Amino acid sequence: MARSKTLNPKALQRREFLQKGALAGAAIVATGAELSAQGTAPASPAPPASPAQGVTPIMTAAGEAIGPGEVQVIGDNQRSGSDFMVDVLKSLGFEYVAANPGSSFRGLHESIINYGGNHAPEMITCMHEESAVAMAHGYYKAEGKPMLVAAHGTVGLQHASMALYNAWCDRVPVYMVIGNYNDAAVRRPAEWYHGVQDAALMVRDFTKWDDTPWSLTHFAESAVRAYNVAVTPPMAPVLLVLDGIMQEQGVDIRKLPAIPKTPIPSAPQGDSASVEQAARMIVAAESPVIVVDRLARTPNGMKLLVELAELVGAGVVDQTSRMNFPTRHPLNQSLRAGAAIGDADLVVGLEVADFWASVNALRDQLHRSTEPRTKAGAKMITITTGDLYVRANYQDFRRLQDVDLALAADAEATLPSLIEAVKRLATADRKRVFQERASKLTELSRVAADRARVNASYAWNASPVSTARLAAELWAQIKNEDWSLVSSYYTSDLGGWPRRLWNFDKPYQWLGHAGGGGIGYGAPASVGGALANKKHGRLSVAIQTDGDLMYAPGVLWTAAHHRIPLLSVMNNNRAYHMELMHVQRMCNARNRSVDRGAIGSQITDPNIDYAKLAVSMGVYAEGPIDNPADLGPALKRAIAVVKRGEPAVVDVVTQVR
Amino acid sequence: MTSHRDTEAQRKTNYLCVSATLWLVTVIVVAMMVTIAAQTRPTPQPPPRRTAPPPRTAPPPKRGESQPDEDRAPKGSTPPQGSAPQQQGSSPQSAAPDTTPAGVGAALYKKNGCYECHVDDAQGGPQGPRLGPNPIPFARFQAYVRNPTGDMPPFTAKVISDQDLASIYAFVQSRPMPPPVRDIPLLVP
């Protein structure tokens, strides 16, 4: 039978209306005449949905034949599902939600900005989902609480996945929600590309927990549970998948579920017997060294570590994934880490991500070999939540090191009882030993600091600017401010020059690294850290590498748009030098000339003008600067801009490291 | 109708007019170029670098040299060796190639990627120790480059000839000493 060429004009209007996506609840509309013409007419026409009832059509053959009502809006006695979701999210205390918009969470988006008043959480417009997650990563480490991230299902989560992996490796809680139209019968055409059976699957290996709530009650419980799971050590990102229809449907106000008020669980502490044994080993040691990495998860962590180190006169080696220990504390032995670990008869590792590499060296030659960094017979203790959380696929757990005592516990939470146990066990004789040891270490750290300043003086007036000179010039401009170095990615902290030359003594002055080694963390994490610092009035400073910024430079626009004060000083060395070095190493191993080693790693021809890039996105910028004499005045001008509440970029062409 | 003579005269007149115009335009263009050249600033030069010779000797790199451990900094002192001229930087600024041993060495230092770990001016960094000024004796330098004991990859004579290595040594040796720390206000604690 031929299809009727005469369609009801009203039916066409309805079809157009649906094709524009104005009604998510019905994907196909056909008139009775049209369906009759095709021989598929329902036995009896179903009545249109009553807008007063706010009922989404049931997806049966009859239901699919239902046209949209004249008016389809939420009733006065109703609230959308996503409005309730905002109530729950507000109860969790989120200040911001970083997001790149996506239709699968359009209901939540609208609820945040209208029902929620775009306040707590306030929407932060991001240019890439990876930037949104990395912003949340940096924000957490400055503020100590998670930022909400919202993303489009599937494609948005795929974009976000690298940053989620970084946060997971760094054991930082990121609270992420994505949208998904779980019911295939109601998906618009585009939603088929984004619809997925198990939306969280692709990141399940590197998130701590996820869930896909099937009701608002389910959502409320899972939302609170997700928060608690994320912030309980060992911390890590969590993900909730929010059904699109559940976001958009109306719910009777009288039937809204309650919001759970479960307290955050306390962090796991070491058992008393193990703590006592650790204390005995520390008190008995002649040359103990404390190695720390992700110890200080709160400001109290630094205080506790200082207390323990001073109590026993032990040196501290800070591996700097957190702001663990003041850089100029006389017991800080980080500038002579190799010697301090090599001299130790007891190594105490507190939340060290890679304890094996702390006490062993691997030689990266054609035939790899290892050797211990410690002297024979050195004893070892580890306290880490790493022992509580080991996953199979991604190998962030590192090599297994033989140790004498391992506490599967949160080190910061365990320190108070360890300190008390040490106090009980320390005799007067041992206290004299502790004091003598502390005096020696104080002298060693002073010599190391003097040597660092001498090392910094080499190539002082060189052009391009030496990284030591850059660090010193920046320090001169910020040392009298309430500053915070908000991000850095391994070599982007100038080979450690800030920690060698600057006085870090506050918990927020250093936010650590990316975690998983994924480049592209630095720029967005610094904006996230600066966002957290904004309300505290801190001067946020980032040392920004060129390769990192180019992963997603749009975050500069986010900083400008949201008036996030941040000074980004480019460490512009015009190459992925770490990778270049690896290629060179392969040339050497194959006995080939290395003069082509830069192919594929250099960022030249043309050189990127980062000042113009920043200016194009509304950010104040200067540079490129390759004369070190020009650097100080440029930094001063840029800091004046930042103090007015805006971001600024100073592009400095630097030496390689 | 125009006669042939008239036509020739007109052509000559036109030719003269065109010639005069071209001459005038040429004069104007030349004058503009001279004016622009006079207003153009010279290419900015990098700031002058250190000039003092070094009084230090660097030990051979140790195992674990990739760690930023200040204890690995060179100790002891010996007179500077060699007589390579002082450089203003690791990259020659003049158009003419620097044919001195240190100048040739500067190019080889770059070409062979030495700067990747030991940094542009051989001052050292997190991936490799300082090489100069005042490097270890050439024999030890050469032996280490050929058979490193740490993380440094080996450079065989096929990759860097002995002669090129000597030039690189001359470059490293020519690195000027920095000013004393006490004379650098930004480094005073």
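Residues numbered from 1 in each chain as written. Chains lettered and ligands numbered in written order. Predicted model: local features only at pLDDT ≥ 70, side-chain atom pairs only at ≥ 80, totals over all residues. Heavy atoms only, no water.

Notes on the overall build of chain B
Within chain B, the regular secondary structure consists of 5 helices and 0 strands. When the helices and strands of chain B are listed from N to C terminus, the series reads α-α-α-α-α. Look at the contacts in chain B between residues 6 or more apart in sequence, and 66% of them connect residues 24 or more apart. Looking at chain B as shown, the accessible area adds up to about 10,700 Å², and 63% of this sits on carbon and sulfur atoms. (Helix = DSSP H or I, 4+ residues; strand = E, 2+ residues; numbered from the N terminus. Contact = heavy atoms within 4.5 Å. Areas by Shrake-Rupley, 256 points an atom, 1.4 Å probe, with all protein chains shown as cover.)

Looking at the interface of chain A and chain B
Of the residues lining the interface, 53 residues belong to chain A; the matching set on chain B comes to 48 residues. Between chain A and chain B, the buried area comes to about 4,500 Å², and carbon and sulfur atoms account for 53% of it. It is Arg 451, Tyr 458 and Asn 591 of chain A that lose the most area in chain A upon contact with chain B, and together they represent 15% of the buried surface on that side. On the surface where chain A and chain B come into contact, there are 2 salt bridges. Taking the shortest distance from any N to any O, the salt bridge between Lys 111 of chain B and Asp 595 of chain A comes out at 3.9 Å. Between the two partners, chain A and chain B, sit 18 residue pairs in polar contact (both at pLDDT 80 or more). Classifying every residue of the side of chain A that touches chain B by side-chain character gives 22 nonpolar, 18 polar and 13 charged. (Buried area = accessible area lost by both parts, 1.4 Å probe. Salt bridge = Lys/Arg side-chain N within 4 Å of Asp/Glu carboxyl O. Polar contact = N/O pair within 3.5 Å; in protein donor to acceptor, adjacent residues only side chain to side chain. Nonpolar A, V, L, I, M, F, W, Y, C, P; charged D, E, K, R; others polar.)

Things to note about the sheet that holds strand 5 (residues 175-180) of chain A
Residue and element names in this part refer to chain A. One open sheet holds the 6 strands; their spatial order is 3-2-4-5-7-6, and the pairing between them is parallel. Because the sheet does not close on itself, it has two edges, and the strands there are strand 3 (122-125) and strand 6 (209-211). Each strand of the sheet is rotated relative to its neighbour by a mean of 25°, with strand direction disregarded. Note that strand 2 (residues 96-99) and strand 4 (residues 148-151) share 3 bridges and pair parallel. Within strand 4, the residue paired with Val 97 across the bridge is Leu 148. In the packing of helix 7 (residues 155-169) onto the sheet, the strands contacted are strand 4, strand 5 and strand 7 (238-243), and the crossing angle to strand 5 comes to about 165°. (Pairing = 2+ DSSP bridges. Axes fitted to C-alpha atoms, helices over the stretch in contact; angles between N-to-C directions.)

Concerning the packing of helix 4 (residues 81-91) of chain A against helix 5 (residues 106-115) of chain A
All names here are of chain A. Interaxial distance between helix 4 and helix 5 falls to 8 Å at its minimum, and their mutual angle equals 65°. Between helix 4 and helix 5 lies a crossing whose hand is right-handed. Along its contact with helix 4, which presents Ser 82, Asp 83, Met 85, Val 86, Asp 87 and Leu 89, the element helix 5 presents Gly 107, Leu 108, Ser 111, Ile 112 and Tyr 115. (Left-handed = near helix turned anticlockwise from the far one by under 90°.)

Quick word on the packing of aromatic side chains
Residue and element names in this part refer to chain A. Within this structure, the stated rule accounts for 19 aromatic pairs over all chains. With a centroid separation of 5.6 Å and an interplanar angle of 85°, the aromatic rings of Trp 475 and Trp 483 are classed as edge-to-face. Each member of the pair, Trp 475 together with Trp 483, is buried. Aromatic rings pair up to connect Tyr 165, Trp 168, Phe 206, Tyr 389 and Tyr 394 into one cluster. (Phe/Tyr/Trp six-rings, centres within 6.5 Å; stacked < 30°, edge-to-face > 60°. Buried < 20%, exposed > 50% of the residue type's maximum accessible area, 1.4 Å probe, protein only.)

What about the confidence of the model for chain B?
All names here are of chain B. Of all residues in chain B, 50% attain a pLDDT of 70 or more, and the chain-wide mean is 67. Note that residues 1-22 has pLDDT below 50 and, in this model, 1 contact with residues that lie over four places away or in other chains. For residues 24-93, every residue scores under 50 in pLDDT, and the model assigns this stretch 156 contacts once sequence neighbours within four places are set aside. Predicted as a complex, the structure gets a pTM of 0.83 and an ipTM equal to 0.83. (pLDDT = per-residue confidence, 0-100.)

Concerning the pairing of strand 16 (residues 483-487) of chain A
Residues and elements named next belong to chain A. For strand 16, a buried count of 5 out of 5 residues is recorded, marking the element as mostly surrounded by other parts of the structure. With 4 bridges joining them, strand 16 and strand 17 (residues 539-545) adopt parallel strand pairing. Looking across to strand 17, one finds that Ser 487 is bridged to Ala 542.

Quick word on the pairing of strand 12 (residues 360-363) of chain A
Two elements, strand 12 of chain A and strand 13 (residues 369-372) of chain A, share 4 bridges in a ladder whose sense is antiparallel. Looking across to strand 13 of chain A, one finds that Asn 360 of chain A is bridged to Pro 372 of chain A.

Looking at helix 15 (residues 411-425) of chain A
Helical geometry: 3.6 residues make up each α-helical turn, so side chains three or four residues apart lie on a common side. All names here are of chain A. Taking 1.5 Å per residue as the helical rise, helix 15 with its 15 residues ought to reach 21 Å, and the 20 Å between its terminal C-alpha atoms agrees with that figure. Buried residues of helix 15: Ala 411, Glu 412, Ala 413, Thr 414, Leu 415, Leu 418, Ile 419, Ala 421 and Val 422, and no others. Taken together, the buried residues of helix 15 touch helix 11 (272-284), helix 12 (299-312), strand 11 (346-350), strand 14 (379-384) and strand 15 (405-408). Measuring from the side-chain oxygen of the N-cap residue of helix 15 to the backbone nitrogen of Glu 412 gives 3.4 Å; that N-cap residue is Asp 410. (Expected span 1.5 Å × (residues − 1).)

Description of the packing of helix 4 of chain A against helix 9 (residues 216-231) of chain A
All names here are of chain A. Direction vectors running N to C along helix 4 and helix 9 enclose 25°, while the axes themselves pass 10 Å from each other. In terms of orientation, helix 4 and helix 9 fall into the roughly parallel class. You can see that helix 4 and helix 9 cross each other, and the crossing is right-handed. In contact with Gly 81, Phe 84, Met 85 and Val 88 of helix 4, helix 9 contributes Leu 216, Phe 219, Ala 220 and Ala 223. Of the residues contributing to the contact of helix 4 with helix 9, the split by class is 7 nonpolar, 1 polar and no charged. (Parallel < 35°, antiparallel > 145°, perpendicular 65-115°, else oblique.)

Brief notes about the environment of Pro 260 of chain A
Residues and elements named next belong to chain A. Structurally, the position occupied by Pro 260 is in the loop between strand 8 (250-252) and helix 11. By relative accessible area, Pro 260 is classed as partly exposed at 23%. If we skip the residues at most four places from it in the chain, Pro 260 touches Ala 220, Glu 221 and Val 224.

Concerning the nonpolar core
Generally speaking, a soluble globular protein has its nonpolar side chains buried in company with each other. Residue and element names in this part refer to chain A. Counting 75 residues, the largest nonpolar core has Leu 350, Trp 502 and Leu 567 as the members making the most contacts within it. Not counting the four nearest positions on each side in its chain, Leu 350 is found in contact with Ile 290, Val 291, Val 292, Asp 293, Arg 294, Leu 295, Leu 305, Ile 383, Ala 411 and Leu 415. Listed in part, the 61 residues of the second largest apolar core include Tyr 139, Leu 531, Leu 613 and Val 649. (Core = buried A, V, L, I, M, F, W, Y, C linked by side-chain atoms within 4.5 Å.)

Observations concerning the environment of Ala 614 of chain A
Residue and element names in this part refer to chain A. For Ala 614, the location among the structural elements is in helix 23 (residues 610-616). Placed 530 residues apart in sequence, Ala 614 and Phe 84 show a C-alpha to C-alpha distance of 39 Å. Apart from residues lying up to four places away in sequence, Ala 614 is in contact with Leu 556, Val 619, Ala 621 and Val 649.

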